[in-house]
Amino acid sequence: MSDTFGGRRRRPASPRRGAVRRARLLALAAVCGVVPLLVTTAAPAVASVGAAEPSSAQAPRPTGHVTDVVVGANAPVVLAEDGESARVTLRVEVSDGAALARPVTVAWATGQGTAAPAADYEIARGTVTFPAGAPSGAERTVEVSTRTTPEQETAETVPLTLSSLGARVGTTPTIVIGAHGLPYLDPTLPTGERVADLLSRMTLDEKVGQLVQVERSDATSRPEVITERGLGVVVANPGSAPARNTAEAWADMADDLQLRALATRLQVPLLVGIDGVHGHDSLPGATLVPHRLGLAATDDPALVRGLAQLVRDEARATGVTWVRAPQTEPLTDVRSGDAYTRFGADRGRAARLADAASDPVTEGLGEALALAGEDPEQHAGGWAALVAAVRSGEVPAARLDEAVSTVLTAKVDLGLFEAPFADRSQLAVVGSAEHRAQARDAVAASQVLLQDRDGTLPLDAGERVYVAGRSADDLGNQAGGWTVTWQGSSGEPTQGSTILDGIRELDPDATFSADASAPATGHDVGVVVVGETPYAGSYGDVGGPSWAWDQSDAGVFRETKSLELQPGDADVVQQVCDVVPTCVVVVVSGRPQAVDLRVADAVVAAWLPGTEGAGVADPLYGAVPFTGRLPVAWPQRVDPAGEPTGEFPVGAGLTP
């Protein structure tokens, strides 16, 4: 590169001249109202008017452009109680992760927000210096003191401005002085009184905002919309999850979104919701309980109630405060791809179990939120449309208030005004041994024994067992749809125990060959585990479209759906049952699958057991009895027109 510019030779830059220039610019900043303040590496910011810039001997020449270094707040919103100091953490980051090659100084100052200077907070300004050699990610803290105000007040804001001569400025924070003294914030008052007080303080825009749902990905890509619109609900569609899909990352995400909600003047916390069809569905490692059609086989409201609480506990630990209510309508068509999400065909049983699974605290939320539209990806249109509808009288103000009151009541009863953030001490409950044991018990209780010729089951100790079938050792098949992604996937999308794991726990010497290619001769019993691969919604309809768009699909369409076993499954059943003296067929599926009863000695409906497939083995080996009863009719055959025939009726099920 030439060292001339415009025909004139450039003079090499002097480190001393650069330091002097930075000192002069800092002096100019002070004239403009920024009083220098130097913070050491060992303590929070301490006022030091006129502090000197570090000497050139301490500042090595930079190796990159200044934009390689970013300095900013580690959070966009900093909460402070009235009369307390707000502690703002500033962080410096280097793009390549290296230590700072030179000192970086940041000038900061309180700006003008909704809080009154001097009356609500002390005007402050200063500088923070990160010395040369500081690691990327180093942090320093500055404090802004707030004033105690005796009267009732809503939340007020104090923006903090940042500028730097040696780095690019990243996140600029806003200090929020908390609302205080208002009745709706008083946890000792009845819920109704708190809700009425809060509702009376809300503008039309704020009321409508509480009814608007925004999808998780939209909220995280533009979180400021939560504050701007006062939005009340963030929901994660199936498969929608943080990039680092862990329990901690979910908690981080939820807390970040809550901060945005608490930056509004009334500080109404968010509802963060998931569908929770059979667990914290999109989170790998969460406990996934049996899908609802399987749970219906237990007809046990207490068991279902306990599992629903398990799901809510795991969700709440990650900051998710609303697990949306289950389907209450009975199953009317087993050919539907949603069949396994229903509590069976019997209306009484379905209503009884749906009631057990529901959370009375959040009852009615779905109907209330529907007033602003049910599609969280169309939140902007829903907000504007409802505001216009109320102003025009199309939606009565009383109807709006009723819906908003339902949402606010749930938030008060959930304790969100007192504890809006994830309780990190509870993260260990996600996928805990205790929860997995509870789910395993439910799996065992849901097994339905359809046929048991000559007392085949339970299996006897000492019998040589040959295990086959593609679903024997496939966590994804047994979990079904709504597992990490909407459609779920075969293989190992999450953690748990397979049916084979349970068999080998009880019978370590069992032989396994998924495709039955290993010799089966010499074995006493064959256990063939077959059934459906995962699906959800219309992509699981018998005769419906196929799915090919999960990453694991690699563009290959999934198998078509049927009420009969897939040809490959039927072949494995035939192959094993032709060789071993006694043959047990276990069907893992989201709906009934016709099995040739002439081939099998025993047939078990295992449904979709979730992550704890080992529970399927428990009644097979007599650790617990078979107690499940069919929640829907099960065909023995399917006629040429595709209609089920020779059905086992609802309520059928053997107890050997």
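Residues numbered from 1 in each chain as written. Predicted model: local features only at pLDDT ≥ 70, side-chain atom pairs only at ≥ 80, totals over all residues. Heavy atoms only, no water.

(A) Expanded view of the state of the cysteines. Throughout the structure, instances matching the rule amount to one disulfide. Disulfide partner of C577: C583, at an S-S distance of 1.9 Å. Of note, the bridge from C577 to C583 carries an S-S torsion of about -60° and is left-handed in sense. (Disulfide = S-S within 2.5 Å.)

(B) Quick look at the sheet that holds strand β13 (residues 233-235). With parallel pairing, the four strands of this open sheet are ordered in space as β12-β13-β14-β15. In the strand order of this sheet, the two ends are held by β12 (213-215) and β15 (322-323), each with one partner. Inspection of the sheet shows β12 paired to β13 by three bridges, in the parallel sense. In the strand pairing of β13, Q213 is matched with V233. (Pairing = 2+ DSSP bridges. Helix = DSSP H or I, 4+ residues; strand = E, 2+ residues; numbered from the N terminus.)

(C) The arrangement of the side chain of E153 in detail. By the element assignment, E153 lies in the loop between β8 (139-145) and β9 (156-164). Notably, E153 is buried but unbridged: the nearest opposite-charge side chain belongs to R265, and the N-O separation is 11 Å. At 2.8 Å, the side chain of E153 and the side chain of T149 are in polar contact. In contact with E153, other than residues within four places in its own chain, are D82, D120, A179, H180 and L182. (Buried < 20%, exposed > 50% of the residue type's maximum accessible area, 1.4 Å probe, protein only. Lys, Arg positive; Asp, Glu negative; His and termini not counted. Salt bridge = Lys/Arg side-chain N within 4 Å of Asp/Glu carboxyl O. Polar contact = N/O pair within 3.5 Å; in protein donor to acceptor, adjacent residues only side chain to side chain. Contact = heavy atoms within 4.5 Å.)

(D) Local environment of the nonpolar core. Ranked by size, the top nonpolar core spans 84 residues in total, and within it L211 and F343 carry the most contacts. With eight residues, the single largest contributor to this core is helix α8 (residues 301-317). Once you skip the residues sitting within four places of it in the chain, F343 turns out to touch R292, L295, A296, V304, P326, Q327, R349, A350, L353, A354 and A357. Within the second largest apolar cluster, 68 residues are counted, among which are V277, L457, V529 and A602. (Core = buried A, V, L, I, M, F, W, Y, C linked by side-chain atoms within 4.5 Å.)

(E) Spatial organisation of the sheet that holds strand β18 (residues 511-513). Taken in spatial order, the six strands of this open sheet run β16-β21-β20-β19-β17-β18, and their pairing is mixed. In this open sheet, the two strands that pair with only one neighbour each are β16 (448-452) and β18. The mean angle between the axes of side-by-side strands here comes to 20°, regardless of whether they run parallel or antiparallel. Of the pairings in the sheet, the one linking strand β19 (residues 525-531) to strand β20 (residues 582-588) comprises seven bridges and is parallel in character. Directly across from V529, in β20, lies its bridge partner V586. Sheet strands touched by helix α15 (residues 499-506): β17 (465-468), β18, β19 and β20. Its angle to β18, the strand with the most contacts, is close to 165°. (Axes fitted to C-alpha atoms, helices over the stretch in contact; angles between N-to-C directions.)

(F) Seen up close, helix α9 (residues 347-357). Those residues of α9 that fall on the buried side of the exposure criterion are R349, A350, L353, A354, A356 and A357. Buried residues of α9 fall within an arc of 160° about the axis and therefore sit on the same side. Of the exposed residues in α9, the ones pointing more than 90 degrees away from its buried face are R347 and D355. In this fold, the buried residues of α9 make contact with α7 (292-296) and α8. N-cap assignment for α9: the residue whose side-chain oxygen lies 3.3 Å from the backbone N of G348 is D346. (Arc of directions from axis to C-beta.)

(G) Looking closely at the pattern of salt bridges. Evaluated as defined, the whole model comprises 32 salt bridges. In this structure, R87 and E143 form a salt bridge, with 2.3 Å as the shortest nitrogen-oxygen distance. Linking R87 in strand β5 (residues 85-94) with E143 in strand β8, this pair joins segments that are 56 residues apart in sequence. Note that D359 and R312 form a salt bridge whose closest N and O atoms lie 3.9 Å from each other. With D359 in the loop between α9 and α10 (365-369) and R312 in helix α8, this pair connects stretches of sequence that are 47 residues apart.

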